[in-house]
Amino acid sequence: MGLKRQKLAKKTISFYKYNFSFREPFQILFDGTFCQAALTNKIQIKEQMPKYLMGEVQLCTTSCALKELETLGKDLYGAKLILQRFQTRRCPHFKEPVPASDCLLSMLGGTNPHNYFIATQDRSLTEGLTKIPGVPLLYIIHNTIVLDKPCQTSLDHVRAVQLGELVSPAQQQSIRSLKEVQGIDQKDGERQGKKRKRKRSNPNPLSCLKKKKKGGPTLPKKETEKRKRVRNKKPRTEGGVSAPAVTHA
């Protein structure tokens, strides 16, 4: 594996880890075209894929992809044997199979909530993946596995999250888990959001009474008024000696 190719793959994986919460083991959905290309170029998928992605992987497919290889005949019998060894993810087309490209797109939905990698050589499927943010694409070229760069839709999504216009998948998951823990569903949230209007009630008659002015405490009068003493003035003589008091017989 070339050093430059490994560095580019590491950078791309880090992008999906930090912005779309991808974690090991990485889940990879395969179709028959990728397995046929691996068989033609003698690529051991189970051995080389973990080394290239530098982590543990889960190799997966769908029943529609297997059914498609069965209908195509003996020319793709080897690709069918490879694909049968992978884990089969349940898809909504169990009773009525659809083409593998349509099935894999339906497994991704609009936001790829299960964090799937897609391994394919189908151009129509590749074009559909460019419209969904957060979907890593794997393909084979020149006898090597290549992890494609993030598409413009993924870059625009990350930019919108950074600007606060969107909520990242990790934040959405944390919000859902918090609601489940607290037992809050969407209907309860809507009920709590609506405030009840209070009915106007008649005023309390006691509140309409005028408040009495609180006067200060009456202090007792201090008995500070002293009685005036009446002094009897003795008559004085011309010499300045006081005359004796005259007693009447």
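This write-up is about the structure you can find in this document. Bear in mind that the values here come from a model prediction, so they are computed numbers and not experimental data.

1. Details of the packing of helix α1 (residues 3–20) against helix α8 (residues 152–162)
Then, in step 1: It is at 11 Å that the axes of α1 and α8 come closest, and there the two elements cross at 40°. Taken together, the axis directions place α1 and α8 in an arrangement best described as oblique. Considering the relative orientation of α1 and α8, their crossing is left-handed. Taken together, the residues of α8 that come into contact with α1 (itself represented by Phe15, Asn19 and Phe20) are Ser154, Leu155, His157 and Val158.
Then, in step 2: Of the residues in the contact of α1 with α8, the class split is four nonpolar, three polar and no charged.

2. Brief notes about the pairing of strand β1 (residues 26–30)
Then, in step 1: Burial runs high along β1: five of the five residues are buried.
Then, in step 2: A two-sided burial pattern is seen for β1, the buried positions comprising Phe26, Ile28 and Phe30 on one face and Gln27 and Leu29 on the other.
Then, in step 3: Summarising the sheet, β1 and strand β2 (residues 57–62) pair through four bridges and their orientation is parallel. Within β2, the position partnered with Leu29 by the bridge is Cys60.
Then, in step 4: For β1 and strand β4 (residues 116–119), the ladder comprises four bridges, and the chain directions are parallel. Pairing of Gln27 across the sheet is with Tyr116, part of β4.

3. As for the nonpolar core
Then, in step 1: Grouped together as the largest cluster of nonpolar side chains are 36 residues, with contacts concentrated most on Ile28, Phe30, Ile45, Met49, Leu53 and Leu138.
Then, in step 2: Ranked by residues supplied to this core, first place goes to α1 with five residues.
Then, in step 3: Non-local contacts of Phe30, meaning those with residues more than four positions away in its chain, are made with Cys35, Ile45, Met49, Leu59, Cys60, Thr61, Ala65, Leu83, Phe86, Leu104 and Ala119.
Then, in step 4: Grouped together as the second largest cluster of nonpolar side chains are 15 residues, Cys60, Leu108, Ile132 and Leu137 included.

Here is what the cut-offs are and how they apply
Residues numbered from 1 in each chain as written. Predicted model: local features only at pLDDT ≥ 70, side-chain atom pairs only at ≥ 80, totals over all residues. Heavy atoms only, no water. Axes fitted to C-alpha atoms, helices over the stretch in contact; angles between N-to-C directions. Helix = DSSP H or I, 4+ residues; strand = E, 2+ residues; numbered from the N terminus. Parallel < 35°, antiparallel > 145°, perpendicular 65-115°, else oblique. Left-handed = near helix turned anticlockwise from the far one by under 90°. Contact = heavy atoms within 4.5 Å. Nonpolar A, V, L, I, M, F, W, Y, C, P; charged D, E, K, R; others polar. Buried < 20%, exposed > 50% of the residue type's maximum accessible area, 1.4 Å probe, protein only. Pairing = 2+ DSSP bridges. Core = buried A, V, L, I, M, F, W, Y, C linked by side-chain atoms within 4.5 Å.

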